[in-house]
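Structural overview
What follows is each chain in one-letter form.
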Amino acid sequence: MKVLLATSQSLPLLFAADETGPDAALISFMIYTVAVFVLAALSNQLLKSKSFLSEYFLGSRGLGVWAFALTFAATSSSGGSFTGFPSKIYSHGWILALWIGSYMVVPICTMGLIGKRLNQIARRSGSITVPDVIRDRFHSPILGLMAVSLIVFFMSFNLVAQFKAGSLILQTLLDGVSLFESTADGLAQAVSGIPFLSDGVSPEYLLCLLVFGIAVIVYTTYGGFHAVVWTDVMQGIVMVIGVIIMLPLAISQAGGLENTTKLMAKMTPPRYSAADKGGITLTLDKPAAEDMRIEVGTWITDKPIESSKVPLLFRVTAASEIPAGKTTVDEVKVIQLTTLEDIDRIMKRKEQENFLSGVSVSNIDLVQYAYGEEESQQGAYVVGPGPSPASNNGFLPLSLAISFFFMWAISGTGQPANMVRLMAFRDTKTLQRSICTVAIYYTLIYFPLVVIFCCARVILPGMEGESDRIMPAMAVYLTENIGMGWLAGLLVAAPFAAVMSTVDSFLLLISSAWVRDVYQRNINPEASEKTIKMLSYLATFVVGTAAMIVAINPPQFLQDIIVYVGSGLAASFLAPIVYALYWRRVNAAGAMGAMVGGFGLHLAMYVTGYFENGSFFKPYQLFDFDPIIVGLFGSFICGFIVTKLTAPPPQELVHKFFYKEKAGS
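Residues numbered from 1 in each chain as written. Predicted model: local features only at pLDDT ≥ 70, side-chain atom pairs only at ≥ 80, totals over all residues. Heavy atoms only, no water.

**Overview of the overall build of the protein chain**
Counting its secondary structure elements, the protein chain contains 23 helices and 11 strands. A total of about 25000 Å² of accessible surface is found on the protein chain, and carbon and sulfur atoms cover 63% of it. (Helix = DSSP H or I, 4+ residues; strand = E, 2+ residues; numbered from the N terminus. Areas by Shrake-Rupley, 256 points an atom, 1.4 Å probe, with all protein chains shown as cover.)

Next comes the structure, spelled out in structure tokens:
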């Protein structure tokens with residue numbers, strides 16, 4: 001089959017300034033990757049001298065300020081922060097500053113609300129995992145197993161999304177590297193007879209998935225918690241440096257922040273092909289001599305490129321094929337640019353773009369955004385509520401803005417991955433200093449990201465169909481455009497580091513749930529350390545491998561998955577944990593009611609959204625509030641009511657966790 005045009009990661013002016021760019025970027029990126037494995041090897045040495053379980057899953061509760069602050073921040077700044085969040089900024093504009101604004105106070109809520117108390121409870125009970133804490137606090141194995149089930153359920157979704165993000169980032173970096181291209185071709189031939197690996201799966205994506213997956217699984221399995229923490233520290237530094245470098249480059253190449261805002265004020269959203277039908281019909285000037293494939297990212301115009309008339313301009317969002325001997329293909333999925341300045345920008349750099357020539361366009365059947373294209377909605381990319389393809393109320397009406405304030409600022413407290421970090425810091429002074437450190441760190445990350453990817457709308461128009469790729473695409477474009485290809489490796493390492501730091505944490509969280517909370521606490525309490533060690537290695541490896549396999553054909557919308565998982569975990573865990581730490585009267589039944597109530601209400605709104613809106617990731621919004629608000633409110637209410645209707649907990653449990661003094665904290 002003839003591949004008609006390059007894949008979607010081809011970018012304007014890519015590698016034009018520096019022919020050695022791809023290899024230079026690859027070398028700098030490889031140096032970073034080698035450093036990760038060195039840290040894993042050093043971490044493994046600690047496992048030989050300390051208690052395996054405590055060290056492998058919790059780092060012996062000895063994290064200092066910088067290690068604790070950066071591992072906490074890096075874990076929270078996941079693939080969503082550097083892949084899904086830039087995608088949202090690119091797609092909806094300045095309103096995302098309000099969407100993410102409350103993240104600056106996440107450390108105050110998360111660390112300040114439950115940090116010290118959770119650390120105390122975990123030390124008193126000897127708990128190593130979050131289900132450990134819940135089980136021991138309420139003396140309820142059933143409640144502990146319920147917590148394990150919810151963690152595995154939600155984290156499995158998120159793990160697949162993170163594997164997808166890491167693979168897309170790596171794919172963008174390696175595009176243009178001859179060794180990568182030849183290896184991908186060889187892989188395509190090797191798996192050509194395997195439907196699961198070849199049907200609809202890009203060989204470039206599959207190769208990157210294997211490289212990323214094997215790397216993160218190996219270093220996490222081998223090094224355990226300290227490998228995760230030390231790599232998080234390095235990755236946290238890489239992330240903030242990458243963002244700080246990208247900020248002035250993006251502003252400069254977009255013509256300044258004032259110019260960017262003026263251009264965005266004129267922008268109107270693209271028109272797009274409906275998922276089930278519609279698109280455009282392409283007709284070749286002459287029958288195809290052989291099978292031809294039109295790749296994602298290909299530009300199509302209805303007029304000759306040399307025409308002085310402003311043409312209709314389309315970009316392919318789903319690959320299509322024209323069989324040999326045929327001249328037409330129907331319902332090609334595209335987006336159509338509607339902003340004259342964007343069209344003019346693409347046409348001026350037509351020599352560097354992938355344009356499909358020798359075709360005519362007919363049967364244009366595209367859908368306009370529900371909010372953002374009308375004259376009364378002009379400037380939707382710079383003012384609220386922001387453009388939206390599906391909602392007549394825009395992307396972020398006020399009620400949803402309030403919901404997302406709670407989503408980030410409050411629900412972050414209910415994330416088990418964050419709780420594990422809170423169980424591992426050294427002392428109270430470490431916690432206090434880390435709160436300020438993480439707040440400053442988030443400010444240095446998220447505000448520049450909003451600016452950078454508003455500039456991306458001006459620099460790289462037409463990427464709505466593949467907006468999850470905008471972060472690495474911008475990193476490569478900005479550096480190659482100034483002739484510093486090697487710097488792309490560092491900038492792409494920033495989102496890659498965010499994904500790695502999240503994946504390794506989730507791997508340990510899930511494997512600890514199976515080994516510690518299911519096997520040791522319920523099946524074989526007398527298991528030897530050698531057995532636990534082997535099972536821990538095996539569980540981490542198996543969980544990572546399973547997620548990598550599922551990610552071969554991953555869900556499409558990364559940030560939607562992350563929002564669902566984050567809000568679902570908060571709805572399930574925040575109320576039980578807060579009650580467990582601060583309410584002496586709460587019992588196992590009340591904690592179970594809070595957990596089940598929050599999970600059930602949250603899931604019900606997503607399921608209702610599936611039937612009403614046609615998509616699981618377009619949840620039903622009660623009184624226009626996000627499911628996180630309903631889930632959290634319902635969880636606290638259910639826990640309170642059930643606790644009041646049932647008997648108080650045994651007094652010995654209350655005395656153990658509320659009266660015993662804790663030394664050194």
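**Brief notes about the nonpolar core**
Counting residues in hydrophobic clusters, the biggest one holds 166 residues, and the most contacted among them are Trp99, Phe163, Phe453, Met474 and Phe573. When near neighbours in sequence (up to four residues on either side) are disregarded, Phe453 contacts Pro86, Ile89, Tyr90, Met246, Ile470, Met471 and Met474. Core analysis: the second largest hydrophobic core is formed by 17 residues, Leu282, Ile322, Val329 and Val334 among them. (Core = buried A, V, L, I, M, F, W, Y, C linked by side-chain atoms within 4.5 Å. Buried < 20%, exposed > 50% of the residue type's maximum accessible area, 1.4 Å probe, protein only. Contact = heavy atoms within 4.5 Å.)

**Brief notes about the sheet that holds strand β8 (residues 328–332)**
Taken in spatial order, the three strands line up as β8-β3-β11 in an open sheet, and their pairing is antiparallel. Only two strands of the sheet have a single partner each, and these edge strands are β8 and β11 (359–365). On average, each strand axis in the sheet is inclined to that of its neighbour by 20°, with strand direction left out of account. (Pairing = 2+ DSSP bridges. Axes fitted to C-alpha atoms, helices over the stretch in contact; angles between N-to-C directions.)

**A few points about the environment of Asp560**
Summarising the element assignment, Asp560 is placed in helix α20 (residues 558–582). Look at Asp560 and you get partly exposed, because its relative accessible area is 21%. For the pair Asp560 and Phe617, spaced 57 residues apart in sequence, the C-alpha separation works out to 6.3 Å. The contacts of Asp560, once residues within four sequence positions are left out, are Lys88 and Phe617.

**What to know about the sheet that holds strand β10 (residues 355–356)**
Pairing in this open sheet of five strands is mixed, and the strands run β2-β9-β6-β5-β10 from one edge to the other. Unpaired on one side and paired on the other, β2 (271–272) and β10 mark the two borders of the sheet. Direction of pairing for strand β5 (residues 299–301) relative to strand β6 (residues 313–316): antiparallel, over a ladder of three bridges. In the strand pairing of β6, Thr301 is matched with Leu313. Running at roughly 70° to β6, helix α13 (residues 340–348) makes contact with β5, β6 and β10 of the sheet.

**Examining the packing of aromatic side chains**
Scanning all chains against the criterion turns up 21 aromatic pairs. With a centroid separation of 5.0 Å and an interplanar angle of 75°, the aromatic rings of Phe153 and Phe154 are classed as edge-to-face. Between Phe153 and Phe157, the aromatic rings sit 5.2 Å apart at their centres with planes inclined by 80°, giving edge-to-face as the arrangement. With Phe153 and Phe157 both in helix α8 (residues 141–174) and four residues apart, this pair spans about one turn of that helix. For Phe153, a relative accessible area of 33% translates into the label partly exposed. Following the ring pairs from residue to residue traces out a cluster consisting of Phe153, Phe154, Phe157, Tyr564, Phe599, Tyr606 and Phe616. The ring of Phe138 carries Arg137 above its face, with NZ or CZ at 4.9 Å from the centroid. When the ring centre of Tyr90 is taken as reference, the NZ or CZ atom of Arg457 above it lies at 4.8 Å. (Phe/Tyr/Trp six-rings, centres within 6.5 Å; stacked < 30°, edge-to-face > 60°. Lys NZ or Arg CZ within 6 Å of the ring centre and 35° of its normal.)

**Considering the environment of Tyr103**
Here Tyr103 shows up in the loop between α5 (96–100) and α6 (106–125). Residue Tyr103 is classed as buried on the basis of its relative accessible area, which comes to 9%.

**Some remarks on a negative patch on the surface**
A grouping of Asp276, Asp330, Glu331 and Asp365 is seen on the molecular surface, where their side chains present a negatively charged patch. By secondary structure assignment, the location of Asp365 is in strand β11. (Patch = residues over 30% accessible without salt bridge, like charges linked within 9 Å, V, L, I, M, F, W, Y side chains within 5 Å. Salt bridge = Lys/Arg side-chain N within 4 Å of Asp/Glu carboxyl O. Lys, Arg positive; Asp, Glu negative; His and termini not counted. Charge placed at Lys NZ, Arg CZ, Asp CG, Glu CD.)

**With respect to the side chain of Asp136**
Within the secondary structure, Asp136 is located in helix α7 (residues 130–138). Relative accessible area serves as the criterion here: at 15%, Asp136 is assigned to the buried category. Filtering out sequence-adjacent residues up to four positions away, Asp136 remains in contact with Ser125, Ser127, Arg521, Leu653 and Phe657.

**Quick word on the packing of α6 against helix α16 (residues 428–459)**
Helices that pack against each other are described as a pair by the angle of their axes relative to one another and the distance between those axes. It is at 8 Å that the axes of α6 and α16 come closest, and there the two elements cross at 165°. Relative to α16, the element α6 is oriented roughly antiparallel. In this structure, α6 crosses over α16, and the sense of that crossing is right-handed. In this structure, α6 uses Val106, Pro107, Ile108, Met111, Gly112, Gly115 and Lys116 to contact α16, whose residues at the interface are Thr428, Leu431, Ser434, Ile435, Val438, Ala439 and Tyr442. Considering only residue class, the contact of α6 with α16 consists of nine nonpolar, four polar and one charged. (Parallel < 35°, antiparallel > 145°, perpendicular 65-115°, else oblique. Left-handed = near helix turned anticlockwise from the far one by under 90°. Nonpolar A, V, L, I, M, F, W, Y, C, P; charged D, E, K, R; others polar.)

**Remarks on the layout of surface pockets**
Gaps between atoms show up when a probe of the same size as a water molecule is rolled over them. Reported here for the second largest pocket is a volume of approximately 280 Å³. Along its surface, the second largest pocket is lined by 15 residues, and Leu26, Met30, Leu170, Leu174 and Val211 are the ones closest to its centre. Going through the elements one at a time, α1 (21–47), α8, α9 (178–190) and α11 (203–253) are the ones with two or more residues in the lining of the second largest pocket. Looking at the lining of the second largest pocket, its residues break down into 13 nonpolar, two polar and no charged. (1 Å grid on protein atoms, 1.4 Å probe; cavity = no way out; pocket = protein on both sides within 12 Å on 5 of 7 lines; lining within 4 Å. Points joined across faces, edges and corners; volume = space filled by probe spheres on them.)

**Side note on the pattern of salt bridges**
Within the structure shown, the criterion is met by 13 salt bridges. Between Glu341 and Lys266 there is a salt bridge; the shortest N-O distance is 4.0 Å. With Glu341 in helix α13 and Lys266 in helix α12 (residues 257–266), this pair connects stretches of sequence that are 75 residues apart. Glu341 sits in the partly exposed class, given a relative accessible area of 29%. Lys266 gets classed as partly exposed once you look at its relative accessible area, which sits at 46%. When salt bridges that share partners are traced, they join Asp132, Asp136 and Arg521 into one network.

**Focus on unusual backbone geometry**
Here the residue pair Gly384 and Pro385 is connected by a cis peptide bond, since its omega of 5° sits within 30 degrees of zero. With respect to the helices and strands, Pro385 occurs in the loop between β11 and α14 (398–409). In this structure, His139 takes a positive phi of about 55° despite not being glycine. Along the chain, His139 turns up in the loop between α7 and α8. His139 sits in the exposed class, given a relative accessible area of 65%. With a phi close to 50°, Asn363 is a non-glycine residue in the positive phi region. Here Asn363 lies in strand β11.

**Digging into the environment of Ala41**
For Ala41, the location among the structural elements is in helix α1. Given the relative accessible area of 32%, Ala41 is considered partly exposed. Linking Ala41 and Tyr219, residues 178 residues apart in sequence, is a C-alpha distance of 7.9 Å.

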